[in-house]
Amino acid sequence: MVQAFLRIVSKLPFPLLYGLSSFTAFVLQYIVRYRAKVIHENLRNSFPEKSLEEIKKITKDFYLNLTDVSFESLKLISMNREQLEKRVRITNMELPLSVLDSGQSNLGLTSHLCNWEWLLQICAIKSPYPIDAVYKPLHNEKMDKFIYNLRARFGANPVAMKDTLRELIKNRKTVRSMAMVADQTPPHSEIQHWGTFLNQYTAFYVGGDKIGGAMQMPVLFVGMKRVKRGYYEVTFETLKNLPIAKDGHEVTELYIKRLEAAIKEQPSNWLWSHKRWKHSQAKVVRKGTVV
């Protein structure tokens, strides 16, 4: 029933879809007050130099970004390649292709900035090489299958996080890209590195270091900007060329710095409703986690 409704919504023309998104954003911000405290605290702690009015403006724009990305992602159910190519432009596809064409697989690190679902799809369309996209499965099996099929629609290969190493080993002789949204919060038991990020001591996954070092894959930062409503621009940047150390967290630190710069450029486009700073280092140390 739910999936049938989502399919109906996906067929709405873009003007109606964005009208619905604007209405939903208003409801979430002013009536439901969805995660209002979390969003406010995240923004105030991340941008202590900004005035209250600036924080309010970012907050309002964030709610609209949140609902736009949600409805745009649903639109993938019915969108065709031409529609997606019209709305998402890659500025320098030659950078990742030059690595792949040389016979070398690569690792792309991105974030919850702008529309990460459209980002995966446009890369799958534009690259002649396979793309493995690491993801965290949902607890609801039906919704997990729905999201899996959505992400695989244009040829990407979604890989559950727990299966990442096995997939890498299985495909080690095939030139391909691996994509990771690397700004998520690791659980207590998996925290291995803390970095200074947006004025706060922050725990990060270290998959970029582990995969890049173990498989000796060049690491790229995949950035995305909103050009205007419903239109985006993607740019690849070399984060770390070979060789990559098998120990340490150089890749993660480089990623943190580049992500912070991207967020500061378009702050309302990041996922501020996420409880990104729910862990403190003191609590983790007491639990015996390596930091």
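Look a little higher up for the structure.
Residues numbered from 1 in each chain as written. Predicted model: local features only at pLDDT ≥ 70, side-chain atom pairs only at ≥ 80, totals over all residues. Heavy atoms only, no water.

### Some thoughts on the pattern of salt bridges
Tallied over the entire structure, the rule returns 14 salt bridges. We note a salt bridge from Asp61 to Lys57, for which the minimum N-O separation is 2.6 Å. Taken as a pair, Asp61 and Lys57 lie in helix H4 (residues 52-75) at a separation of 4 residues, close to a single helical turn. Notably, a salt bridge pairs Lys264 with Glu260, separated by 3.4 Å at the nearest N-O pair. Residue Lys264 and its partner Glu260 are located together in helix H11 (residues 250-265), separated by 4 residues, close to a single helical turn. (Salt bridge = Lys/Arg side-chain N within 4 Å of Asp/Glu carboxyl O. Helix = DSSP H or I, 4+ residues; strand = E, 2+ residues; numbered from the N terminus.)

### Here we look at the environment of Arg226
Note on placement: Arg226 falls in strand S8 (residues 219-228). Classification of Arg226 by relative accessible area gives buried; the value is 16%. Considered as a pair, Arg226 and Leu43 are 183 residues apart in the sequence and their alpha carbons are 20 Å apart. Among residues more than four places away in sequence, those in contact with Arg226 are Asn65, Asp68, Val69, Cys114, Tyr231, Tyr232, Gln266 and Asn269. A polar contact of 3.0 Å, which involves the side chain of Arg226, links it to the side chain of Asn65. (Buried < 20%, exposed > 50% of the residue type's maximum accessible area, 1.4 Å probe, protein only. Contact = heavy atoms within 4.5 Å. Polar contact = N/O pair within 3.5 Å; in protein donor to acceptor, adjacent residues only side chain to side chain.)

### Comments concerning empty space enclosed by the protein
Counted by the stated rule, this structure contains 2 cavities of 30 Å³ or more. In this model, the largest cavity occupies a volume close to 60 Å³. Contributing to the lining of the largest cavity are Leu109, Met180, Ala182, Tyr205, Gly207, Gly208, Asp209, Val251, Thr252 and Tyr255. Elements with a minimum of two residues in the lining of the largest cavity: helix H10 (207-215) and H11. Of the residues belonging to the lining of the largest cavity, the class tally is 6 nonpolar, 3 polar and 1 charged. Considering only enclosed or pocket space, the second largest cavity measures out at about 40 Å³ in volume. If you trace the second largest cavity, you find it lined by Asp209, Ile244, Ala245, Asp247, Gly248, His249, Glu250 and Val251. When the residues that make up the lining of the second largest cavity are grouped by side-chain class, the tally is 3 nonpolar, 2 polar and 3 charged. (1 Å grid on protein atoms, 1.4 Å probe; cavity = no way out; pocket = protein on both sides within 12 Å on 5 of 7 lines; lining within 4 Å. Points joined across faces, edges and corners; volume = space filled by probe spheres on them. Nonpolar A, V, L, I, M, F, W, Y, C, P; charged D, E, K, R; others polar.)

### A few points about the nonpolar core
Judged by nonpolar contacts, the single largest core of 76 residues is most densely connected at Leu84, Leu109, Trp118, Phe197, Ile263 and Trp272. In this structure, Ile263 is in contact with Phe47, Leu113, Phe197, Leu198, Trp270 and Trp272, ignoring residues within four places of it in sequence. (Core = buried A, V, L, I, M, F, W, Y, C linked by side-chain atoms within 4.5 Å.)

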